[in-house]
Amino acid sequence: MLGSLLVLPALLVIVLLYLYPFGLAVWISFSGEDGFTLEHYQRVYEVYWEDVIFTFWTSFLSAVIAAVLGILIAAYLRLGADDPIKSFINQLYRIPIFLPMVVVAQMMRGFLAPHGTLNMALFNLGLSQPIEFFDWKGLVIGFVWKQAPFMALIILSGFLMVKDEHIEAARVAGASDLRVLTEILLPMTRNTVAIAFALAYASNVATFTLPYMLIGGAKPTAITVDIAHRVTFFGDWATANALGVVSFLLVSVFAVFYLREMVRRGVYER
Amino acid sequence: MSLLELRRVTKRFGKVVAVSEVSLAVGKGEILSLLGPSGCGKSTTLRIIAGLTKPDSGSVIHEGRDITELPPEKRNFGMVFQNYALWPHMTVFDNVAFGLRMRGWARQDIARRVKEVLELVKLSGMESRYPTQLSGGQQQRVALARALAPSPSVLLMDEPLSNLDAKLREELRHELRSILRSLRITTIYVTHDQAEAMALSDKIAVMNAGRIVQTGTPAEIYREPADPFVATFIGESIAVPGSLLSVNGSLGLIRLPNGVQLKARISKASPPSKEALLVLRPEAVSLGEGENSLKCRVSRETYMGERVEYRLECEGVELKLRSLDPVLSVGEEARVVIDPSRAIIVGR
Ligand SMILES: Nc1ncnc2c1ncn2[C@@H]1O[C@H](COP(=O)(O)OP(=O)(O)O)[C@@H](O)[C@H]1O
Ligand SMILES: [Mg+2]
């Protein structure tokens, strides 16, 4: 009884600061002139469905590529020989994690512009026409650039929980670095990798600055840009909230997994 | 020709010299123990052989080929770790099959071989268990099966029995011995337990502070210690410094600090020198009078079940005397004879 009284303030804060605004947003997305309506969702479907799909696959694809790169970086840092190159990379790879997305977006604009660094490099390699990067390509490159180091950090913390002996036993048994990665490290840290993936994916779905600065209102664009557009130009909170609920659903598939694992065994395995 | 050789191998960790100028040779089918106290460099030596640690200098030779730079996965050695190091996400079957899969064996061949090796270590029927569902002894058997499955050229074992209780340890020791003998597999066995080394090995290399101080058969190591370290580390030895007065064949006459003169055998592995050490193990001491005897007083009596052990104060020297039955009591005076063929003199 006293126990439940003690958690009451915390519970109240959660309800007031999190659940209430969230519930309100959901409520508004279903409210029309005469009470309950699906018209906002219908608008989402008619006007923005392409963007919903676009948001899903760019976020997912970026998270997959970032996961592969993150795993490779983490594997190198866990299995590579201790030398100056490794300690240099060990410092370097974390920098993008601490850069705000708006800075990343600004960098990407310069890097990916029609006469930006990347296109000039491609031009020098013999490409005649500059590639248009201010669409899904730029978005994916920006997301990967930002998320791969973050995933490397989390996955490496998982890899470091695997005992040296387990790795050495595999080596003596005939496993190359790649087999150690696929047979020992990844299976033993499955959940850490899945959680890193879910976090990166969710953060991609929720990012506004990068799609806004790279793609803006051009079609297709990210849901977050549509939400801002809906609010700024139409003052249409109802449709904006409906879009918000849809993006929440896009994320929640993985969020459910994340929460379940958190509860089940803490963030790290044995 | 030896199958595996270490040539002047040295490894430092910062200022600590873990392994210093170690050379050794193991013949095909031979079981060699690296025996020494904790921290003397046994594991580091074994890891250098496995390829898990790179030596600072020296070389590892396998079948006449220098493999010092060869990564562990290309050496075709098997290793049993002190804490088993079984992979927790794999069943017993998958643990044992791992090395075979890495070598690209076909599925049916893997199944057949895993079955065979599990039979050898008496774990048939446990294939689908996970390591956490096994006892310590069973885990150790899986670790052995895993190391043996690919028929490695050399089997490396690092204190494999040290985490087991005494009774199980002894049982497994005998079983291990018969398995290794029946397979005729070349084995390097690391242990700090002399009884284990004696029971298992063809040859023992005694290590101290990063160096190999003596290599020989268990009998040679026990009976002909090369120096004071080996003499005192092996057996329940009591060592008394003295000076060697004369040598007569294999026997020497040593004078102890209290002026007493005793005859004892000179170790063949230790050239006689004036500065000497008299090594007295319990089997060299018995109740009796006459030549080569000392006057003693019983200072402690310990009942050990199958025997009684007495601590004796003998003219300034502490000795241990064993007896099957209680024959003395604390405070009593008695004379003991030192058997000159069992007391050993080594140079210091
Ligand atoms: N990875 C390491 N880093 C630093 N010192 C080490 C390392 N491995 C072993 N040592 C040191 O080297 C010496 C020998 O260690 P080890 O070979 O493990 O001895 P043993 O197996 O005989 O107990 C010890 O002093 C130990 O502290
Ligand atoms: Mg050790």
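Keep in mind the model is a prediction, meaning the values are calculated, not measured. (Residues numbered from 1 in each chain as written. Chains lettered and ligands numbered in written order. Predicted model: local features only at pLDDT ≥ 70, side-chain atom pairs only at ≥ 80, totals over all residues. Heavy atoms only, no water.)

Please explain the overall build of chain A as it appears in this structure.
Regarding its fold elements, chain A presents 12 helices and 2 strands. The order of α-helices and β-strands along chain A, N terminus first, is α-β-β-α-α-α-α-α-α-α-α-α-α-α. Along the three orthogonal principal directions, the C-alpha set of chain A runs to about 70 × 70 × 25 Å. Evaluated residue by residue, chain A yields a buried proportion of 42% over its 270 residues. Taking all contacts inside chain A whose residues are at least 6 apart in sequence as the whole, residues at least 24 apart take part in 72%. Looking at charge distribution, chain A has the averaged site of its 17 positive side-chain charges lying 8 Å from that of its 19 negative ones. (Helix = DSSP H or I, 4+ residues; strand = E, 2+ residues; numbered from the N terminus. Buried < 20%, exposed > 50% of the residue type's maximum accessible area, 1.4 Å probe, protein only. Contact = heavy atoms within 4.5 Å. Lys, Arg positive; Asp, Glu negative; His and termini not counted. Charge placed at Lys NZ, Arg CZ, Asp CG, Glu CD.)

Looking at this structure, how should I read the packing of helix H2 (residues 39-79) of chain A against helix H3 (residues 84-92) of chain A?
The description of two packed helices rests on the angle between their axes and on the distance between the axes. Residues and elements named next belong to chain A. Across the interface, H2 lies against H3 with an axial gap of 10 Å and an inter-helix angle of 140 degrees. When the axes of H2 and H3 are compared, the pair comes out oblique. For the element pair H2 and H3, the recorded crossing hand is left-handed. Residues Tyr76, Leu77 and Arg78 of H2 form the contact with H3, whose participating residues are Ile85, Lys86, Ile89 and Asn90. Its residues placed into classes, the contact of H2 with H3 shows 4 nonpolar, 1 polar and 2 charged. (Axes fitted to C-alpha atoms, helices over the stretch in contact; angles between N-to-C directions. Parallel < 35°, antiparallel > 145°, perpendicular 65-115°, else oblique. Left-handed = near helix turned anticlockwise from the far one by under 90°. Nonpolar A, V, L, I, M, F, W, Y, C, P; charged D, E, K, R; others polar.)

Teacher, can you tell me more about the site of ligand 1 here?
Residue and element names in this part refer to chain B. By nearness alone, every residue bordering ligand 1 is listed as Phe13, Val16, Ala18, Pro37, Ser38, Gly39, Cys40, Gly41, Lys42, Ser43 and Thr44. Between ligand 1 and the protein, one listed contact pairs an oxygen atom with a backbone N or O atom of cysteine 40 at 3.2 Å. In this structure, an oxygen atom belonging to ligand 1 sits 2.5 Å away from a side-chain N or O atom of threonine 44. Secondary-structure elements contributing two or more residues to the shell around ligand 1 are strand E2 (16-26) and helix H1 (42-50). Per-element accounting of the shell around ligand 1 gives the leading share, 3 residues, to H1. Class assignment for the residues of the shell around ligand 1 results in 5 nonpolar, 5 polar and 1 charged. (Near = heavy atom within 4 Å. Polar contact = N/O pair within 3.5 Å; in protein donor to acceptor, adjacent residues only side chain to side chain.)

What's the story with the interface of chain A and chain B in this structure? I'm lost.
Frequently, the measure chosen for interface size is the accessible area that the parts lose on association. Taken together, the contact between chain A and chain B spans 17 residues of the former and 23 residues of the latter. Between chain A and chain B, a total of about 1,800 Å² is buried, with carbon and sulfur atoms accounting for 61% of that surface. Here chain A and chain B share 2 salt bridges between them. We note a salt bridge from arginine 101 of chain B to glutamate 183 of chain A, for which the minimum N-O separation is 2.6 Å. Linking chain A to chain B there are 8 residue pairs in polar contact (both at pLDDT 80 or more). Among the elements of the structure, helix H7 (164-172) and helix H8 (177-188) of chain A are those that each provide at least two residues to the side of chain A that touches chain B. Among the elements that line the side of chain A that touches chain B, the one with the most residues is H7 of chain A, at 7 residues. Of the residues that constitute the side of chain A that touches chain B, the class distribution is 8 nonpolar, 3 polar and 6 charged. (Buried area = accessible area lost by both parts, 1.4 Å probe. Salt bridge = Lys/Arg side-chain N within 4 Å of Asp/Glu carboxyl O.)

Help me understand the side chain of threonine 44 of chain B, please; the structure alone is not making it clear to me.
Residues and elements named next belong to chain B. Relative to the elements of secondary structure, threonine 44 occurs in helix H1. Threonine 44 gets classed as buried once you look at its relative accessible area, which sits at 13%. Look past the residues within four positions of threonine 44 in its chain and what remains in contact with it is Lys11, Phe13, Ala18 and Val19.

Teacher, can you tell me more about the environment of threonine 207 of chain A here?
Residues and elements named next belong to chain A. For threonine 207, the position within the fold is in the loop between helix H9 (190-206) and helix H10 (209-214). Sequence separation of threonine 207 and threonine 55 is 152 residues, and the distance between their C-alpha atoms is 10.0 Å. When neighbours within four sequence positions are excluded, threonine 207 is seen to be in contact with Met101, Phe143 and Thr224.

Can you help me understand the state of the cysteines in this one?
Disulfides are covalent bonds that link the sulfur atoms of two cysteine residues. Residue and element names in this part refer to chain B. In total, this model carries 1 disulfide over all chains according to the counting rule given. Shown here is the disulfide that connects cysteine 296 with cysteine 314, its sulfur atoms set 2.2 Å apart. Because the torsion about its S-S bond is 105 degrees, the bridge between cysteine 296 and cysteine 314 counts as right-handed. One end of the pair, cysteine 296, is in strand E16 (residues 293-303); the other, cysteine 314, is in strand E17 (residues 308-314), with 18 residues separating them in the sequence. (Disulfide = S-S within 2.5 Å.)

Is there a simple way to explain the packing of aromatic side chains in this structure?
In this description, a pair of aromatic rings is defined by centroid distance and the angle of the planes. All names here are of chain A. On inspection of all chains with the given rule, the structure shows 14 aromatic pairs over all chains. Between phenylalanine 56 and phenylalanine 60 the ring centres are 5.7 Å apart and the planes differ by 25 degrees, which places this aromatic pair in the stacked class. Placement of the pair is phenylalanine 56 and phenylalanine 60 together in helix H2, with a separation of 4 residues, close to one helical turn. A relative accessible area of 34% means that phenylalanine 56 is categorised as partly exposed. Geometry around phenylalanine 134 places arginine 109 over its ring, the cationic atom sitting 5.1 Å from the centre. Above the ring of phenylalanine 234, the side-chain terminus of arginine 230 is found at 4.4 Å from the ring centroid. (Phe/Tyr/Trp six-rings, centres within 6.5 Å; stacked < 30°, edge-to-face > 60°. Lys NZ or Arg CZ within 6 Å of the ring centre and 35° of its normal.)

What is the right way to look at the pattern of salt bridges in this model?
Two side chains bearing opposite charge may form a pair once their charged atoms approach each other closely. Residue and element names in this part refer to chain B. Considering all chains together, one arrives at 34 salt bridges over all chains under this definition. Residue aspartate 56 pairs with arginine 12 through a salt bridge whose shortest N-O separation is 3.9 Å. Of this pair, aspartate 56 sits in the loop between H1 and strand E4 (57-62) while arginine 12 sits in strand E1 (residues 4-13), and the two are 44 residues apart along the sequence. Across the pair arginine 311 and glutamate 318 runs a salt bridge, and its minimum N-O distance is 2.7 Å.

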